[in-house]
Amino acid sequence: MSDQPILEMKNVHSGYGSIKALKGVSIKVMPGEIVAMIGANGAGKSTTLMTICNIVQAEQGEVLYEGRVINKVNPEKLPTMGLCQVPEGRRIFPRLSVEENLILGAFYRNDKDQIAKDIQHAYDLFPILGERRRQEGGTLSGGEQQMLAIARALMTKPKVLLLDEPSLGLAPIIIQQIFDIIKDINREDGTTILVVEQNANLALQAASRGYVMETGEVTLEDKASSLLENPKIREAYLGE
Amino acid sequence: MIQEFKKVWKPYVIGMLWMLGLLWPMLGVHPDGTLTFQKTFTVWSYIVAGSFVILLVYVLNASGSITFITNPVSKAVSGAKSSAQAMPTWVWIVTALVACFVFPQFADRYGTDVAINVLLYICLGLGLNVVVGLAGMLDLGYIAFYGVGAYTYALLNTVYGLAFWVCLPFAGIFACIAGCIVGYPTLRMRGDYLAIVTLGFGEIIRLILNNWMELTNGPNGILGIDRIGWFRFAFEGGIGFETIWVKKLGLFYYFALGLTILVVIGVNRLNFSRVGRAWESIREDETAAELMGVNTFIYKLLAYAMGAFFAGLAGAFFAARMKFVSPESFTFLESAMVLCMVVLGGMGSIPGIILGVAALIALPEVFREFEAYRMLVFGATMIIMMLFRPAGLIPAKRMGQRSDDKE
Ligand SMILES: Nc1ncnc2c1ncn2[C@@H]1O[C@H](COP(=O)(O)OP(=O)(O)O)[C@@H](O)[C@H]1O
Ligand SMILES: [Mg+2]
């Protein structure tokens, strides 16, 4: 592909009222790659993703998607453009069934037959969801909910998938499973993935490049393998 | 059995003493300042005796001494339940429809009057359900749109002499517009804030009706509104139309029934449509809905407008029946009442809401003698309901089952 980034933030500032959460964040995501953003709790990772989706407005700077400025694009338009986020804490629709959650993922789409096929595809990807298709989303286990959240986002047919802490609160074996699936999605569909994580180890292993975020600023940017070997990173984020 | 009794006697005694404390200010303190105890004690002793009997039955049941009665009863109940569930939905619908159709044939004037009331409130409840039950927005000013609908018909009729059927769509549309006007600035808020703001806007609309003397005749209301007119072919002297007025209450009942059926069908269709699903996603998680491509603002506004539209239609019927409207009919208490019906019946469930309305309109009529204690009974019913059936009389069908239905 080209060397034109599919998603880019240029010196973005944003926050919540007087709280400045992002202080000039610049990142680039190339088509087809997995990029990890790691940082401690409260560093501003979720705010970064929410600012990309315009749920939190950027006060300064530009967010570009496929070369187009999307600062002013309403959040609900983004899935139609191929940009979708799996928010922190999964945020599935708890009182809707698994299947209805998936149907809502395809909300903007009209191609009924293809939607049915995609739902089937989601069940192939996550067999447990197929078994639980009639169950209410809120009654699923944490890992299943995360899978549902990812499957729901995939129903929008994203070109770029933003993942906010997919490992949050899950058992190590489930986390491994989730990251395997993330890698599969990237490899098979060529979906570009920006994953935000506190679990730096797994995220960096899956990613090709990584950003380190501290108190609203990107402090380090490198190849994922180099970040994994960086003694400072190992000390601060890998607990060594 | 003694053991069981030991467990419950303390809360019982405390509860009864508390009851006495609550009862006395209501019954013993008179407006002229005199204080009496006689009446309080008689009422209280009845309550104590009554609840003691209930307590006794409860204790006997818990200790298993009356299994010879409870076993057959519970068997019969569960048998009835399963046979009721085995019956397909359409059997229920047909039975209900037939019952509704023959009802005025058996009821007297008073009964028909109450039934019309129930029908109009069903429309209101179902409309509010779109806002509260489906889209999940707590609306405390809902009755204002009922008022807008009623005043639309009242004014168009008394000022311009327009017929009911001409005004009916306008009543719906004006209420809808009022809904959009109120909704546009308020729907950016969420949760509690929204509830308070809708409460405020509801009052504003009522105050406008109350204070705009030139247009609405203020608190005196509007008199002399026409009944529903009904066209009939007149063959004498060429073919033409002749207006007959729907004077008989029984006939009005059928029109109200027609409206109710239309509203039920409409709400049911909305429920299962793409729009309904969008509303539910907003109710469940607004941010997630937005991230999935649901235009939350438009859909919230649509829910508000649809709810207002149904209320507006019901309002026109209300005006036509009463032949008189005044702002007094559209107070906050009415909004609260409709909300209670929705919550009592079961949010999101159409049969539930119908039952909730019937319970809250018909029961107070049945217990008319206890007029003074109406609110007391009302409050107690709500508390008991919330304890035993927190999801309403007939809870909304689980969404999971809904996907099943389609297959
Ligand atoms: N809704 C909010 N209102 C106010 N401040 C917030 C809100 N959400 C996050 N913040 C603040 O913004 C900063 C960044 O938070 P966040 O992006 O959630 O961090 P992370 O996802 O890296 O843990 C924190 O200081 C947090 O307290
Ligand atoms: Mg976060």
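Residues numbered from 1 in each chain as written. Chains lettered and ligands numbered in written order. Predicted model: local features only at pLDDT ≥ 70, side-chain atom pairs only at ≥ 80, totals over all residues. Heavy atoms only, no water.

> Please explain the nonpolar core as it appears in this structure.
Soluble globular proteins tend to bury their nonpolar side chains together. Residue and element names in this part refer to chain B. Counting residues in hydrophobic clusters, the biggest one holds 98 residues, and the most contacted among them are Phe145, Tyr146 and Phe317. Top contributing element to this core by residue count: helix H5 (residues 109-134), with 16 residues. If near-sequence neighbours (up to four positions away) are discounted, Tyr146 is found in contact with Leu120, Leu124, Ala311, Ala314, Gly315, Phe318 and Phe330. (Core = buried A, V, L, I, M, F, W, Y, C linked by side-chain atoms within 4.5 Å. Buried < 20%, exposed > 50% of the residue type's maximum accessible area, 1.4 Å probe, protein only. Helix = DSSP H or I, 4+ residues; strand = E, 2+ residues; numbered from the N terminus. Contact = heavy atoms within 4.5 Å.)

> What is the right way to look at the site of ligand 1 in this model?
Residue and element names in this part refer to chain A. As a structural note, the neighbourhood of ligand 1 is formed by Tyr16, Ile19, Ala21, Ala40, Asn41, Gly42, Ala43, Gly44, Lys45, Ser46 and Thr47. Note that an oxygen atom of ligand 1 is positioned 3.2 Å from one of the backbone N or O atoms of Ala43. A distance of 2.4 Å separates an oxygen atom of ligand 1 from a polar side-chain atom of Thr47. Sorting the residues of the shell around ligand 1 by element identifies strand E2 (19-29) and helix H1 (45-52) as the ones contributing at least two each. Take the shell around ligand 1: its biggest share by element is three residues, from H1. Within the shell around ligand 1, the residues separate by chemical class into five nonpolar, five polar and one charged. (Near = heavy atom within 4 Å. Polar contact = N/O pair within 3.5 Å; in protein donor to acceptor, adjacent residues only side chain to side chain. Nonpolar A, V, L, I, M, F, W, Y, C, P; charged D, E, K, R; others polar.)

> What should I look at first to understand the sheet that holds strand E4 (residues 58-65) of chain A in this one?
Pairing between the strands of a sheet is mediated by backbone hydrogen bonds and can be parallel or antiparallel. Residue and element names in this part refer to chain A. The sheet built from four strands is open, its strands ordered E2-E1-E4-E5 with antiparallel pairing. Single-partner strands in this sheet number two, and they are E2 and strand E5 (68-69). Two elements, E4 and E5, share two bridges in a ladder whose sense is antiparallel. For Leu64, the partnering residue across the bridge sits in E5 and is Val69. Of the strands in this sheet, strand E1 (7-16), E2 and E4 touch H1, which is tilted by about 110° from E1. (Pairing = 2+ DSSP bridges. Axes fitted to C-alpha atoms, helices over the stretch in contact; angles between N-to-C directions.)

> Is there a simple way to explain the domain arrangement of chain A in this structure?
Many structure descriptions define interface size as the accessible area lost when the parts assemble. All names here are of chain A. Under the domain assignment, chain A is made up of domain 1 (1-82 + 159-240) and domain 2 (91-157). The gap between the C-alpha centroids of domain 1 and domain 2 is 23 Å. With 14 residues of domain 1 at the contact, the number on the domain 2 side is twelve residues. Summing both sides of the interface, domain 1 and domain 2 together bury roughly 1100 Å²; the carbon and sulfur share of this comes to 79%. For domain 1, the biggest contributors to the area lost against domain 2 are Pro79, Ile178 and Ile181; these three give 32% of the whole. On inspection of domain 1 and its partner domain 2, the count reaches zero salt bridges. Linking domain 1 to domain 2 there are zero residue pairs in polar contact (both at pLDDT 80 or more). (Domains from an automatic or database assignment. Buried area = accessible area lost by both parts, 1.4 Å probe. Salt bridge = Lys/Arg side-chain N within 4 Å of Asp/Glu carboxyl O.)

> Please explain the interface of chain B and chain A as it appears in this structure.
Each side of the interface is counted separately: chain B has 25 residues, and chain A has 26 residues. For the pair chain B and chain A, the two sides together bury roughly 2500 Å², of which 59% comes from carbon and sulfur. Broken down residue by residue, the surface that chain B buries against chain A is led by B:Glu284, B:Leu291 and B:Met292, which jointly contribute 30%. In this structure, the salt-bridge partner of B:Asp285 is A:Arg91, at a minimum N-O distance of 2.9 Å.

> Would you mind showing me how to read the sheet that holds strand E6 (residues 83-86) of chain A here?
Residues and elements named next belong to chain A. Overall, mixed pairing links the six strands, which are arranged E6-E7-E8-E3-E9-E10 in an open sheet. Strands with a single pairing partner mark the edges of an open sheet, and in this sheet they are E6 and strand E10 (217-223). Geometrically, the sheet is characterised by an average inter-axis angle of 15° between neighbouring strands, direction not taken into account. Of the pairings in the sheet, the one linking strand E7 (residues 160-164) to strand E8 (residues 192-197) comprises five bridges and is parallel in character. Bridged to Leu162 within E8 is Leu194. Lying over the sheet, helix H7 (residues 172-189) contacts strand E3 (34-39), E7 and E8, oriented at roughly 155° with respect to E8.

> How should I be thinking about the coordination of the magnesium ion (ligand 2) in this particular structure?
Perfect tetrahedral coordination of a metal by four donors corresponds to 109.5 degrees between them, and perfect octahedral coordination by six donors corresponds to 90 or 180 degrees. All names here are of chain A. Looking at the magnesium ion (ligand 2), the protein donor atoms are Ser46 (OG) and Glu88 (OE), and they sit 2.0 to 2.3 Å from it. Here Ser46 is found in helix H1, whereas its partner Glu88 is found in the loop between E6 and helix H3 (98-105), with 42 residues between them in sequence. Classification of Glu88 as partly exposed rests on a relative accessible area of 32%. (Donors = N, O, S within 2.8 Å, 3.2 Å for Na, K, Ca; no water.)

> Got a minute to help me understand the domain arrangement of chain B in this structure?
Looking at the assigned domains, one finds that chain B contains domain 1 (2-85) and domain 2 (116-370). The straight-line distance from the C-alpha centre of domain 1 of chain B to that of domain 2 of chain B is 39 Å.

> Could you clarify how one ought to interpret the layout of surface pockets in this entry?
Unfilled space is identified by rolling a water-sized probe across the atoms. All names here are of chain B. Of the volumes computed, that of the second largest pocket is approximately 1200 Å³. Taken together, 26 residues form the lining of the second largest pocket, with Met16, Met19, Ile47, Ala380 and Ile384 sitting closest to its centre. Of all elements in the fold, only helix H1 (2-27), helix H2 (38-62) and helix H16 (374-388) reach the threshold of two or more residues within the lining of the second largest pocket. Element by element, the count of residues in the lining of the second largest pocket is highest for H1, at eleven residues. Per-class residue counts for the lining of the second largest pocket are 24 nonpolar, two polar and no charged. (1 Å grid on protein atoms, 1.4 Å probe; cavity = no way out; pocket = protein on both sides within 12 Å on 5 of 7 lines; lining within 4 Å. Points joined across faces, edges and corners; volume = space filled by probe spheres on them.)

> Which parts of the structure should I look at to understand the packing of aromatic side chains?
Aromatic rings considered in pairs are described by the distance between their centres and by the relative angle of their planes. Taken as a whole, this structure holds 21 aromatic pairs over all chains when the rule is applied. With a centroid separation of 5.9 Å and an interplanar angle of 80°, the aromatic rings of B:Phe145 and B:Tyr304 are classed as edge-to-face. Taken as a pair, B:Phe145 in helix H6 (residues 143-160) and B:Tyr304 in helix H13 (residues 296-322) lie far apart in primary sequence, 159 residues in all. When sorted by exposure, B:Phe145 lands in the same class as B:Tyr304, which is buried. Aromatic rings pair up to connect B:Tyr153, B:Phe164, B:Trp165, B:Phe252, B:Phe255 and B:Phe317 into one cluster. A cation over an aromatic ring shows up here: B:Arg188 above the ring of B:Tyr184, its NZ or CZ 5.2 Å from the ring centre. Over the aromatic face of A:Phe107 sits the side chain of B:Arg274, whose NZ or CZ is 4.1 Å from the ring centroid. (Phe/Tyr/Trp six-rings, centres within 6.5 Å; stacked < 30°, edge-to-face > 60°. Lys NZ or Arg CZ within 6 Å of the ring centre and 35° of its normal.)

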